[in-house]
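Observations on the model geometry
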Amino acid sequence: MSNIRSRRIKNNVFHGVVLASALLGVVVLAVLLFDIFSSGLSWLNAEFFTNYTSRIASRAGIRAPLMGSIWIIAITAVIAVPIGIGTAIYLEEYTGQSKLRNFIQLNISNLAGVPSIVYGILGLGVFVVFLGLGRSIISGSLTLALLILPVIIVSSQEAIKSVPKDLKEAGYALGLSKWQVITGVILPYSIPSIMTGNILAVSRALGETAPLLMVGAVSFIAFSPTGIMDSFSILPMQIYNWTARPQEEFHDLAAAAIIVLLVILFITNGIAIYVRNKYEDRLKG
Amino acid sequence: MILDRPYEEKTARYKKIERKEKLIKILLSMFAGVSVLTTIGIIGVLLSESIGFFKEVSIVEFLTGTEWTALFSNPKFGVLPLVAGTLVVTVIGCIIAIPLGLGSAIYLSEYASKRTRKILKPTLEILAGIPTIVYGYFALTVLSPVIRTVFPSSSVFNALSGGIAVGIMILPMISSLSEDAMRAVPESLREGAYALGCTKLEVATKVVVPAALSSIISSFILGISRAIGETMIVALAAGSTPNMTLNPLESVQTMTAFIAQVASGDVSHGGLIYKTIFAVGLLLFCITLGLNVLSRYIVKKYKEEY
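Everything numeric in this text was worked out from a predicted model, so none of it was measured. (Residues numbered from 1 in each chain as written. Chains lettered and ligands numbered in written order. Predicted model: local features only at pLDDT ≥ 70, side-chain atom pairs only at ≥ 80, totals over all residues. Heavy atoms only, no water.)

Quick look at the overall build of chain B
In terms of regular secondary structure, chain B is built from 12 helices and 0 strands. Mapped from its N terminus to its C terminus, chain B presents α and β elements in the order α-α-α-α-α-α-α-α-α-α-α-α. Compactness check: chain B gives a C-alpha radius of gyration of 26 Å against a globular reference of 19 Å for 306 residues, more than 25% above the reference. The proportion of buried residues among the 306 residues of chain B is 52%. Within chain B, counting contacts between residues at least 6 apart in sequence, those at least 24 apart form 71% of the total. Counting only carbon and sulfur atoms, one obtains 65% of the accessible surface of chain B, whose full area is about 14800 Å². (Helix = DSSP H or I, 4+ residues; strand = E, 2+ residues; numbered from the N terminus. Rg over C-alpha atoms; globule rule 2.2 N^0.38 Å. Buried < 20%, exposed > 50% of the residue type's maximum accessible area, 1.4 Å probe, protein only. Contact = heavy atoms within 4.5 Å. Areas by Shrake-Rupley, 256 points an atom, 1.4 Å probe, with all protein chains shown as cover.)

Here's the deal with the overall build of chain A
When you go through chain A residue by residue, the secondary structure sums to 11 helices and 0 strands. When the helices and strands of chain A are placed in sequence order, the string is α-α-α-α-α-α-α-α-α-α-α. Relative to its length of 285 residues, chain A is extended, with a C-alpha radius of gyration of 24 Å against a globular reference of 19 Å. Along the three orthogonal principal directions, the C-alpha set of chain A runs to about 75 × 70 × 40 Å. Contacts spanning at least 24 positions in sequence make up 73% of the contacts within chain A whose residues lie at least 6 apart. For chain A, the accessible area works out to roughly 12700 Å², and carbon and sulfur atoms hold 66% of it. Both charge centroids of chain A, one from 20 positive and one from 14 negative side chains, sit 9 Å from each other. (Lys, Arg positive; Asp, Glu negative; His and termini not counted. Charge placed at Lys NZ, Arg CZ, Asp CG, Glu CD.)

Brief notes about the UniProt feature "transmembrane region" (unreviewed entry) in chain B
Residues and elements named next belong to chain B. Those places that UniProt annotates as "transmembrane region" (unreviewed entry) correspond, in this numbering, to residues 23-47, 79-102, 123-143, 155-174, 207-228 and 272-294. Measuring from the first to the last C-alpha atom of residues 123-143 gives 21 Å, for a span that is 90% helix and 0% strand. Within residues 272-294, the helical portion is 100% and the strand portion 0%, while the C-alpha atoms at the span's ends are 33 Å from each other. (UniProt positions renumbered as here; feature names shortened; annotations may be inferred.)

Quick word on the packing of aromatic side chains
Residue and element names in this part refer to chain B. Enumeration according to the criterion identifies 12 aromatic pairs over all chains in this entry. For the pair Phe 54 and Phe 62, a centre-to-centre distance of 5.3 Å together with 75 degrees between the ring planes defines the contact as edge-to-face. When its relative accessible area of 21% is taken as the criterion, Phe 54 is described as partly exposed. Plain terms: the ring middles of Trp 68 and Phe 77 are 5.8 Å apart, the flat faces sit at 85 degrees to each other, and that makes the pair edge-to-face. (Phe/Tyr/Trp six-rings, centres within 6.5 Å; stacked < 30°, edge-to-face > 60°.)

A few points about helix α6 (residues 159-183) of chain B
Residues and elements named next belong to chain B. Over its 25 residues, α6 runs 35 Å from end to end, which matches the ideal 36 Å to within 8%, given 1.5 Å per residue. Along α6, the largest kink reaches about 35 degrees and is centred on Ile 170; proline Pro 172 follows within four residues of it. A large share of α6 lies buried, amounting to 21 of its 25 residues. (Expected span 1.5 Å × (residues − 1). Bend = angle between axes of the 7 residues up to and from the residue.)

Concerning a positive patch on the surface
Among the surface-exposed residues, Arg 13, Lys 15, Lys 16, Arg 19 and Lys 20 of chain B lie close enough to one another that they form a single positively charged patch. Relative to the elements of secondary structure, Arg 13 of chain B occurs in helix α1 (residues 4-56). (Patch = residues over 30% accessible without salt bridge, like charges linked within 9 Å, V, L, I, M, F, W, Y side chains within 5 Å. Salt bridge = Lys/Arg side-chain N within 4 Å of Asp/Glu carboxyl O.)

Here we look at the pattern of salt bridges
Under the criterion given, the structure shown has 11 salt bridges over all chains. Ionic pairing is found between Glu 92 of chain A and Arg 101 of chain A, a salt bridge with its closest N-O pair at 3.4 Å. In terms of burial, Glu 92 of chain A and Arg 101 of chain A fall into one category: buried. For the salt bridge of Lys 168 of chain A with Glu 93 of chain A, the shortest nitrogen-to-oxygen distance reads 3.2 Å. Of the two residues, Lys 168 of chain A is situated in helix α7 (residues 165-173) and Glu 93 of chain A in helix α3 (residues 63-94); the sequence distance between them amounts to 75 residues. As far as the burial class goes, Lys 168 of chain A and Glu 93 of chain A line up, both buried. Because the salt bridges share partners, they merge into one network encompassing Arg 117, Lys 121, Glu 179 and Arg 183 of chain B.

Considering the interface of chain B and chain A
Taken together, the contacts link 71 residues of chain B with 71 residues of chain A. Across the contact surface, chain B and chain A share 1 salt bridge. Across the contact surface, chain B and chain A share 13 residue pairs in polar contact (both at pLDDT 80 or more). Among the elements that line the side of chain B that touches chain A, the one with the most residues is α1 of chain B, at 18 residues. Classifying every residue of the side of chain B that touches chain A by side-chain character gives 43 nonpolar, 22 polar and 6 charged. (Polar contact = N/O pair within 3.5 Å; in protein donor to acceptor, adjacent residues only side chain to side chain. Nonpolar A, V, L, I, M, F, W, Y, C, P; charged D, E, K, R; others polar.)

With respect to the environment of Val 208 of chain B
All names here are of chain B. Relative to the helices and strands, Val 208 is located in helix α8 (residues 200-211). On the accessibility criterion, Val 208 (0% relative accessible area) is buried. Measuring from C-alpha to C-alpha, the distance between Val 208 and Lys 275 comes to 49 Å, with 67 residues separating the pair along the chain. If we ignore the near neighbours within four places in the chain, the residues touching Val 208 are Glu 110, Met 182, Val 185, Arg 190 and Val 203.

Brief notes about the domain arrangement of chain A
All names here are of chain A. The domains assigned to chain A are domain 1 (1-43) and domain 2 (48-284). The C-alpha-based centres of domain 1 and domain 2 are spaced at 33 Å. Contacts between the two partners involve 7 residues from domain 1, matched on the other side by 11 residues from domain 2. Of the roughly 740 Å² buried between domain 1 and domain 2, counting both surfaces, carbon and sulfur atoms make up 84%. Taken together, the connections running from domain 1 to domain 2 amount to 0 salt bridges. Our count for the contact surface shared by domain 1 and domain 2 stands at 0 residue pairs in polar contact (both at pLDDT 80 or more). (Domains from an automatic or database assignment. Buried area = accessible area lost by both parts, 1.4 Å probe.)

Some remarks on a nonpolar patch on the surface
Residues and elements named next belong to chain B. Judged by side-chain polarity, Leu 87, Val 91, Ile 95 and Leu 246 come together as a nonpolar surface patch covering roughly 400 Å² of accessible area. Tracing the backbone through its elements, the reader meets Leu 246 in the loop between α10 (232-237) and α11 (255-264). The class of Leu 246 is exposed, set by a relative accessible area of 61%.

Quick word on the side chain of Ser 225 of chain B
Residue placement: Ser 225 of chain B occurs in helix α9 (residues 213-229). Judged by relative accessible area, Ser 225 of chain B falls into the buried class, the value being 4%. Side-chain polar atoms of Ser 225 of chain B contact the side chain of Asn 292 of chain B, separated by 3.2 Å. What Ser 225 of chain B contacts, discounting residues up to four positions off in sequence, is Gly 113 of chain A together with Thr 288, Leu 291 and Asn 292 of chain B.

Some details on the packing of helix α4 (residues 99-112) of chain A against helix α6 (residues 137-161) of chain A
All names here are of chain A. One can describe the packing of α4 onto α6 by two numbers: an axis separation of 9 Å at closest approach and a directional angle of 130 degrees. Here α6 runs oblique to α4, going by the angle between their axes. Residues Arg 101, Gln 105, Ile 108, Leu 111 and Ala 112 of α4 form the contact with α6, whose participating residues are Pro 150, Ile 153, Val 154, Gln 157 and Lys 161. Considered class by class, the residues forming the contact of α4 with α6 number 6 nonpolar, 2 polar and 2 charged. (Axes fitted to C-alpha atoms, helices over the stretch in contact; angles between N-to-C directions. Parallel < 35°, antiparallel > 145°, perpendicular 65-115°, else oblique.)

See below:
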């Protein structure tokens, strides 16, 4: 019987070990957030949002990188969302189970595993130098669009796959053409989950630093961009620059900028989850 | 004649629809072509600039040299110090992320009640959604001072703090992929083992983990690949000294950190320094692509079917 007892004890010990490893993630998150909020919160005031960056910590703000991030994300979304959804429709509705589909699908899953800095190298080689677009917002947005494209395609595909087959067939039985079925049946049914996936993918691009470092996001810029050919900074780049400085007060500025970035991410992810929950109910009801 | 007219109208309309359908199909296939073009673009750019680089530096010297002084006036291009730096950071990251990731996956899949799972899982998802630059800040301002208190000999920038932060970054990914694999193991296998009198520990380690092993290992490999490609954490925390060392307390430079360092400086296009970005990038791309292909191969080849 001692055998059973020792097996039970081992089980309890193991239970404790795996519980601890699961809780460690929570602890790290708590420490991370506590550290960032305790160093950064006191720096958050109106001037922090309206001032340009400065060599004097107390006068430095995030106006240029915040505007830059908004520009970059907006244009990235405009480029990546239609192409991503279009590719997903093409793969799900037009190619069947052909070799072409397998080839494109394999290609997309390989692209999803390419490190983001390699996309930066691509952007530097193709958009900045080869096409001569320079270190501009459009180069950065094109680069980020290619980076998030695999994520957008795969999540949109999942959404389109979830459309019941009988709905589609009912559409065809009524004599609708393929495109009419897509715009009249498939997209209305799946657009909420497509949007959820797209918002999540685009918001992930908000935190990307390495690819934009490659195509020339700079950290000391004293104007807000006014067009797509302007040079730019972004929030993560400003965080990088401030963190890399030796002075303590710049680290606190970085923490303040991180709070802004995390709050924006929190809001966009919240919107995505809200869209999903709201329309899930509607479709079920 | 009158009877024919509606028919003719219909064919005209039909033809119009058909033309439109064809156009749409072509347009959509062009969208799908973008991702194929991206792959061609990546390989094309990396190869063409690297060929220029290897005309000036021999491939053998690049791959076997133990000195990397690319930014000095008398540059040497042996990539091994960068590889060593990447290796140290990745190994530390794995030592952190693999046991903890697997442990939390086992907890979430086998031990946790529905309610605990509902709280723990979103927390790990938040951790996965935090931008890597934030982990870089964390490594430099929180981890590094702690490490310097414990090991006073370590540099401000060291591979250990970078490696730990990289480990924390890949942990949620390993945990969630492994958990998915374990939850896909059929309930009947577990119940069979419980019926034989197994404890949860025995069910988890002798039934569930072996049954899901191929997907679990592939999640480890994907995590390793992500760790190798991570840039901002190591650029901030691990330093910028190409160092032929495996000592985690020293300042090192990874392949990605080197690329970032060169790009953030002012480099003239077409110069040798500019081309090194592409040569190191090509090596990085080959390593991560190889790992991704390997992880897919393992799932495909060793997946247990029930």
